[in-house]
Every structure is written in C-alpha cells, then in structure tokens.
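So the chains spell out like this:
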Amino acid sequence: EAAVTQSPRNKVTVTGGNVTLSCRQTNSHNYMYWYRQDTGHGLRLIHYSYGAGNLQIGDVPDGYKATRTTQEDFFLLLELASPSQTSLYFCASSPGGIYAEQFFGPGTRLTVL
Amino acid sequence: AQSVTQPDARVTVSEGASLQLRCKYSYSGTPYLFWYVQYPRQGLQLLLKYYSGDPVVQGVNGFEAEFSKSNSSFHLRKASVHWSDSAVYFCVNSNNRIFFGDGTQLVVKP
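What counts and what doesn't
- Residues numbered from 1 in each chain as written.
- Chains lettered and ligands numbered in written order.
- Predicted model: local features only at pLDDT ≥ 70, side-chain atom pairs only at ≥ 80, totals over all residues.
- Heavy atoms only, no water.
- Helix = DSSP H or I, 4+ residues; strand = E, 2+ residues; numbered from the N terminus.
- Rg over C-alpha atoms; globule rule 2.2 N^0.38 Å.
- Buried < 20%, exposed > 50% of the residue type's maximum accessible area, 1.4 Å probe, protein only.
- Lys, Arg positive; Asp, Glu negative; His and termini not counted.
- Charge placed at Lys NZ, Arg CZ, Asp CG, Glu CD.
- Pairing = 2+ DSSP bridges.
- Patch = residues over 30% accessible without salt bridge, like charges linked within 9 Å, V, L, I, M, F, W, Y side chains within 5 Å.
- Areas by Shrake-Rupley, 256 points an atom, 1.4 Å probe, with all protein chains shown as cover.
- Salt bridge = Lys/Arg side-chain N within 4 Å of Asp/Glu carboxyl O.
- Disulfide = S-S within 2.5 Å.

Draft legend 1. Summary view of the overall build of chain A. A count of helices and strands for chain A gives zero helices and 11 strands. Helices and strands appear in chain A in the N-to-C order β-β-β-β-β-β-β-β-β-β-β. For a compact globule of 113 residues, the expected C-alpha radius of gyration is about 13 Å, and chain A comes in at 13 Å, within 12% of that figure. Across its three principal axes, chain A shows a C-alpha extent of roughly 35 × 25 × 25 Å. For chain A, buried positions account for 48% of its 113 residues. Computed over 8 positive and 8 negative side-chain charges, the inter-centroid distance for chain A is 6 Å.

Listed below in structure tokens is the structure:
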C-alpha cells in the first residue's frame, strides 16, 4: 500500500486559476515536502513542514502557499496560477529532516494554459 | 557554495555491461549524499546514502557508490546492468539545504 499519495495526478487550469494539490502520508513522519520538477532538471524545494501547523519556506516559494493541516496531510496552493508553474509536482515525507531518506509520492502533473 | 553536478545527461549501456554514473558535489564540510532512482511515471526511490565511514556504500539491486573527498565525487556503479535499470538517476546533497542534480537518464540496450 502506497505510503505517500497525491491527488490529483493530472490537472489542467488556466492562467489566474486557483489550484490545490493534496498530499497524504501514512508513514507517521514528521517532515513533509513539496517539490517541483521541470524537464531535464532535478527537483527544487518549494515548501516543507515538520509538523501540523508548521510551514518552512524552501528555495522556490514565490507564487506558492502551503498548509499542513495534520501530520498526514500537506497541501500546496496556487492562488493565481501562471504558465511558469506548469511542472511536475512531488510530495515527500521523511522521519528526520533533509538528512534522512525521503519517501516520494507519484507526482502531480500540472498544466497552466 | 553548495551544489551538485551530474555531468552526463544521458548514458547508454548494453545489458550485462558495467555502469558508472558520475556525481560531483560542492560542500566544504562532510556531505550527506544520496542516490535516488526515478522510474517512468513514478516518484523517486532511494538507492543508497552516505553520511560517514566506509567510502564505498552498498545499495539496493546491486548498486554501490564510492565517496571521494579529494575528488568531491560520489559516483554510482553497478557491475552488470539489467534492462529494468533503465530510469533517471539523481544525486542529492543534503546539508544546509537540499540540492538535487539534474539527473542522468540511463538507457539499457538489450
């Protein structure tokens, strides 16, 4: 049974649209992360959290909000989507911060027209 | 400054051949280093990690990596590749921040 799930798996929206990407983990991990992956490049950290109600800013946070409602659930919000946010988004969890192994979800492909 | 470089965007090898995927890191202290693999339409999965100790670390599915402080490298190796190893491989450095390399796409020819 998958320990990190993401929904939706694919999403198409228009410029200026409102999008919420969801992530749930059943690993009982404290840390959760949101990344974006652009073609031909590695993952870049958007936001992360070390517990419910906590939010830390990553390396590419502009245009993104995030909220950790429970230990299991972490949401990424794009309130005014732009074409530059077209990307593959991954959620991950880990037991101990960036020094520990991360467990990744299957990804959400977002297209902003 | 902290960074990770994977100089080979794509590597093609024949099934049964040996493999080396290169990774160079930039970090002045002792680095936390990982190799992850990404199969098509899936998330990343950990192959192996290095924190300290023996510079040769063993991972899953016959993969190993060798840490070299003098060369600032953490190359991934496998003695004999299988067609199912075709995937994208990422080298990662996690210290003050987390840096992913751009990935190396491995194509294994039958």
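Back to the text.
Draft legend 2. Structural context of the pairing of strand β7 (residues 65-68) of chain A. Where burial is concerned, the two faces of β7(A) differ: the one with A:Ala66 and A:Arg68 is buried and the one with A:Lys65 and A:Thr67 is not. Between β7(A) and strand β8 (residues 73-78) of chain A, which pair antiparallel in sequence order, lie four residues.

Draft legend 3. Spotlight on a nonpolar patch on the surface. A contiguous nonpolar surface patch, about 300 Å² in accessible area, is contributed by A:Val12, A:Val14 and A:Leu113. Position of A:Leu113 relative to the elements: it lies in the segment after β11 (108-112).

Draft legend 4. Fine view of the pairing of strand β2 (residues 10-14) of chain B. All names here are of chain B. Going residue by residue along β2, you find Val11 and Val13 tucked away on one face and Arg10, Thr12 and Ser14 left uncovered on the opposite face. Relative to strand β12 (residues 104-109), β2 runs parallel, the two sharing five bridges. Note that in β12 the partner of Val13 across the bridge is Val108.

Draft legend 5. Highlighting the state of the cysteines. Under the counting rule described, the total for this entry stands at two disulfides over all chains. A disulfide bridge connects A:Cys23 with A:Cys91, and the sulfur atoms are separated by 1.9 Å. Given an S-S torsion of about -75°, the disulfide between A:Cys23 and A:Cys91 has left-handed geometry. Here the residue A:Cys23 occupies a position in strand β3 (residues 19-25), and A:Cys91 occupies one in strand β9 (residues 87-94), the gap between them amounting to 68 residues. The residues A:Cys23 and A:Cys91 share a single accessibility class, namely buried. Each disulfide pairs two cysteine sulfurs, and for B:Cys23 the partner residue is B:Cys91, the sulfurs being separated by 2.0 Å. Classification of the bridge connecting B:Cys23 and B:Cys91 rests on its S-S torsion, roughly -65°, and on that basis the disulfide is left-handed. Separated by 68 residues along the polypeptide, B:Cys23 in the loop between β3 (19-21) and β4 (24-26) and B:Cys91 in strand β10 (residues 87-94) bring together distant segments of the chain. The class of B:Cys23 is buried, set by a relative accessible area of 0%. What makes B:Cys91 buried here is its relative accessible area of 0%.

Draft legend 6. Focus on the pattern of salt bridges. Per the stated rule, a full pass over the model turns up nine salt bridges over all chains. Across the salt bridge formed by A:Lys65 and A:Glu79, the nearest N and O atoms sit 3.1 Å from each other. Residue A:Lys65 is located in strand β7, and its partner A:Glu79 is located in the loop between β8 and β9; the two are separated by 14 residues in the primary sequence. Residue B:Asp85 pairs with B:Lys78 through a salt bridge whose shortest N-O separation is 2.8 Å. Overall, B:Lys78 belongs to the buried group, its relative accessible area being 12%.

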